[in-house]
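Single-letter residue listing:
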Amino acid sequence: MSDQIIKYWEEQLPVFDKIKALGFNRYINTLPDFSRAFMLKDNCLRCIDEGTPGGIRLAGSGILLSENEAISVLKNAGVDGIYSHEECGAAKLYAKENNLDPNQADKYGQDWAKKLAKKFNIGYKGFLKITEMARPSGFHIARVAYYDGTGKFNPDEVKGLPSGFVISRRYLNREYALKEMGIAISIALSDHGFGELITPAEPFFLVPIGDLNDSKMSLEELTKELQPLTEKYQKRVIIDGFAATI
């Protein structure tokens, strides 16, 4: 494991020591500007990748969905623009699932986003190069995957909140949302993430964010949904969420 990866890991340890000591629900109350995490600056569609913060989030900007399924999400979420990005793991998964050349994955991601934007009559906002993203090339620095029942969450707006994958559960059906969370876990625990550094003592966090105004998106319901995903990881993956008071 490279010195760079170790550096990213060690930089995050103080925050995660606090989260482990307090739990997410108490920890967020120590952040004075926490409400800013629910003030999206735009409603553009981006990937769940921690390097593409903001807006509505779908793996590969929806490339793993059918066109009709993706358009339904865009309608429900009020999406008004679409981005694609370099080094997209979901686009690589799409290539694998469709027996396509994985070396062309970024092109597939771009083509998909452009096609979806045209079909939905909204703007294609561009292809985010890795140098424009909030993570290094070839590596994911997320120790958290947020499972957002509000559809408004962006951790990168608040200092002290760990950067992480974001799944816009609010706008997805349960089965597909869990597929996206499974993708996030597999990346984090692989050699494209922190991998073997993630242990029961230093786990990967699944963070359900409950909506107090919607019983179907409550913290309790989202926690129940996620529980089966943790069972095979022997406490390397844990659930620790909170209800959004917005």
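Above this note sits the structure.
Rules and cut-offs
Residues numbered from 1 in each chain as written. Predicted model: local features only at pLDDT ≥ 70, side-chain atom pairs only at ≥ 80, totals over all residues. Heavy atoms only, no water. Axes fitted to C-alpha atoms, helices over the stretch in contact; angles between N-to-C directions. Helix = DSSP H or I, 4+ residues; strand = E, 2+ residues; numbered from the N terminus. Parallel < 35°, antiparallel > 145°, perpendicular 65-115°, else oblique. Left-handed = near helix turned anticlockwise from the far one by under 90°. Contact = heavy atoms within 4.5 Å. Buried < 20%, exposed > 50% of the residue type's maximum accessible area, 1.4 Å probe, protein only. Polar contact = N/O pair within 3.5 Å; in protein donor to acceptor, adjacent residues only side chain to side chain. Phe/Tyr/Trp six-rings, centres within 6.5 Å; stacked < 30°, edge-to-face > 60°. Lys NZ or Arg CZ within 6 Å of the ring centre and 35° of its normal. Pairing = 2+ DSSP bridges. Right-handed = clockwise from strand over helix to strand, strands pointing away. Salt bridge = Lys/Arg side-chain N within 4 Å of Asp/Glu carboxyl O. Core = buried A, V, L, I, M, F, W, Y, C linked by side-chain atoms within 4.5 Å. Disulfide = S-S within 2.5 Å.

A. Fine view of the packing of helix H6 (residues 174-188) against helix H7 (residues 219-230). Direction vectors running N to C along H6 and H7 enclose 45°, while the axes themselves pass 11 Å from each other. Classified by the interaxial angle, the pair formed by H6 and H7 is oblique. Of the two possible hands of crossing, H6 and H7 adopt the one that is right-handed. Residue-level inspection shows Arg 174, Leu 178, Met 181, Gly 182 and Ile 185 of H6 in contact with H7, the latter providing Glu 225, Leu 226 and Leu 229.

B. Layout of the environment of Glu 157. Structurally, Glu 157 is set in the loop between strand S5 (144-148) and strand S6 (165-167). Judged by its relative accessible area of 15%, Glu 157 is buried. Measuring from C-alpha to C-alpha, the distance between Glu 157 and Lys 41 comes to 9.6 Å, with 116 residues separating the pair along the chain. Leave out the neighbours within four places in its chain, and Glu 157 touches Arg 36, Ala 37 and Lys 41. Within the structure, the side chain of Glu 157 is placed 3.4 Å from the side chain of Arg 36, a separation counted as a polar contact.

C. Structural detail: unusual backbone geometry. Positive phi is not limited to glycine here, since Glu 87 has a value of about 55°. A positive phi angle is found at Asn 121, which is not glycine, with a value near 60°. Along the chain, the position of Asn 121 falls in the loop between helix H5 (105-120) and strand S4 (123-128).

D. Spotlight on the packing of aromatic side chains. Evaluation of the coordinates by the stated rule reveals 12 aromatic pairs. Aromatic rings pair up to connect Phe 16, Phe 24, Phe 34, Phe 38, Tyr 146, Phe 153, Phe 205 and Phe 242 into one cluster. Just above the ring of Phe 16 sits the side chain of Arg 143; from NZ or CZ to the centre is 4.1 Å.

E. Inspection of the pairing of strand S7 (residues 204-211) at higher detail. Counting buried positions over the eight residues of S7 gives eight, a clear majority of the element. Burial along S7 is two-sided: the face carrying Phe 204, Leu 206, Pro 208 and Gly 210 and the face carrying Phe 205, Val 207, Ile 209 and Asp 211 are both buried. By the bridge criterion, five bridges tie S5 to S7 in an arrangement that is parallel. When the bridges of S7 are listed, Asp 148 appears paired with Ile 209. Pairing analysis gives three bridges linking S7 to strand S8 (residues 237-239), with the strands arranged parallel. Opposite Phe 205, over in S8, you have Ile 238 as the bridge partner. Running through H7, the crossover from S7 to the neighbouring parallel element S8 is right-handed. Relative to strand S9 (residues 242-244), S7 is paired through three bridges, and the arrangement is parallel. In the strand pairing of S9, Ile 209 is matched with Phe 242.

F. Spatial organisation of the pattern of salt bridges. The full count for this structure, using the stated rule, is 19 salt bridges. With its nearest N and O atoms 3.3 Å apart, the salt bridge here joins Arg 36 to Asp 33. Residue Arg 169 is joined to Glu 225 by a salt bridge in which the shortest nitrogen-to-oxygen separation is 2.8 Å. Taken together, the residues Arg 169 in the loop between S6 and H6 and Glu 225 in helix H7 connect sequence positions 56 residues apart. Here Arg 169 matches Glu 225 in class, with each residue buried.

G. The arrangement of the side chain of Arg 143 in detail. Note on placement: Arg 143 falls in the loop between S4 and S5. Of the polar contacts made by the side chain of Arg 143, one reaches the side chain of Glu 202; its length is 3.1 Å. When neighbours within four sequence positions are excluded, Arg 143 is seen to be in contact with Trp 9, Gln 12, Leu 13, Phe 16, Ser 163, Phe 194, Glu 202, Pro 203, Phe 204 and Phe 205.

H. View of the nonpolar core. Counting 57 residues, the largest nonpolar core has Ile 82, Phe 165 and Phe 204 as the members making the most contacts within it. When residues in this core are grouped by element, the largest group, nine residues, is from H6. With residues up to four places along the chain from it excluded, the contact list for Phe 165 reads Ile 48, Asp 49, Glu 50, His 140, Ala 142, Val 144, Ala 145, Tyr 146, Ala 184, Ile 187, Ala 188 and Phe 204. Judged by nonpolar contacts, the second largest core, of 20 residues, contains Phe 16, Phe 34, Val 166 and Ala 244.

I. Inspection of the state of the cysteines at higher detail. Inspection of every chain in the model, using the stated rule, returns zero disulfides. Its sulfur unpaired, Cys 47 is 4.1 Å from the next cysteine sulfur, which belongs to Cys 88. By relative accessible area, Cys 88 is classed as buried at 5%.

Fair warning: the whole summary comes from geometry, so function is off the table for now.
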